[in-house]
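A closer look at the structure
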Amino acid sequence: MSTDLLSVNLSQSLREVDSVIKDQHVRHVPVVSGDNVIGMLSKTDLQKISFVNTVDGSGLTTAMYDSLSIEQVMTKDVKTVDKDDTILDVATILSTNEFHALPVTDSGKLVGIVTTTDLVKYLIDQY
């Protein structure tokens, strides 16, 4: 899991989230209220609300970012895992639900994020 956490809150704009994702080279960002996870936003979520702005379809525009809030775009009712859950637990949840990232909590507080990339790196390290 990654513990060098990036998160956003409902007071931020979608443009800010887009900047975080691009600048930090991440694909998923937990949405928090205090220390509690209330949603997830992904690069894919933002791409879904972007529109093609050229005839040949080569570009996206962020015009909808000003019309929508984080709360309207984020995935709600996010599944989380506990920091003491096993790799098997995490892999099972990711594969069963077709998720690509899970927030990691300790007593309900966000402490990390685990992604499918983290699992692949773990497997590589085992060999």
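Residues numbered from 1 in each chain as written. Predicted model: local features only at pLDDT ≥ 70, side-chain atom pairs only at ≥ 80, totals over all residues. Heavy atoms only, no water.

Another point: the nonpolar core. Membership of the largest hydrophobic core comes to 13 residues, with the highest contact counts inside it found for V8, L14, V17, V31, L41, L46 and I70. Mapped by element, the contributors of at least two residues to this core are α1 (14–24), β2 (28–33) and α3 (70–73). Of all the elements, α1 adds the most residues to this core, at 3 residues. The contact partners of L46, leaving out residues within four places of it in the chain, are L14, V17, D18, I21 and Y65. (Core = buried A, V, L, I, M, F, W, Y, C linked by side-chain atoms within 4.5 Å. Buried < 20%, exposed > 50% of the residue type's maximum accessible area, 1.4 Å probe, protein only. Helix = DSSP H or I, 4+ residues; strand = E, 2+ residues; numbered from the N terminus. Contact = heavy atoms within 4.5 Å.)

Here the focus is the side chain of T105. As for its position among the elements, T105 is in strand β7 (residues 101–106). When residues no more than four places from it in sequence are discounted, the contact partners of T105 are V37, T80, V81, D82, K83, L110 and V111.

In spatial order, the strands read β6-β7-β8; together these 3 strands make up an open sheet with mixed pairing. Of all the strands in the sheet, just β6 (81–82) and β8 (109–115) have a single pairing partner and so form its edges. In this sheet, β8 lies alongside β7 in antiparallel orientation, the contact comprising 6 bridges. Looking at the pairing, T105 lines up with L110 of β8. Taken strand by strand, helix α4 (residues 87–97) contacts β6, β7 and β8, and its axis lies near 140 degrees from that of β7. (Pairing = 2+ DSSP bridges. Axes fitted to C-alpha atoms, helices over the stretch in contact; angles between N-to-C directions.)

Turning to the sheet that holds β2, a few remarks are in order. In spatial order, the strands read β1-β2-β3; together these 3 strands make up an open sheet with mixed pairing. Each having just a single partner strand, β1 (8–9) and β3 (36–42) make up the two edges of the open sheet. Across the face of the sheet, α1 comes into contact with β1, β2 and β3 while running at roughly 75 degrees to β3.

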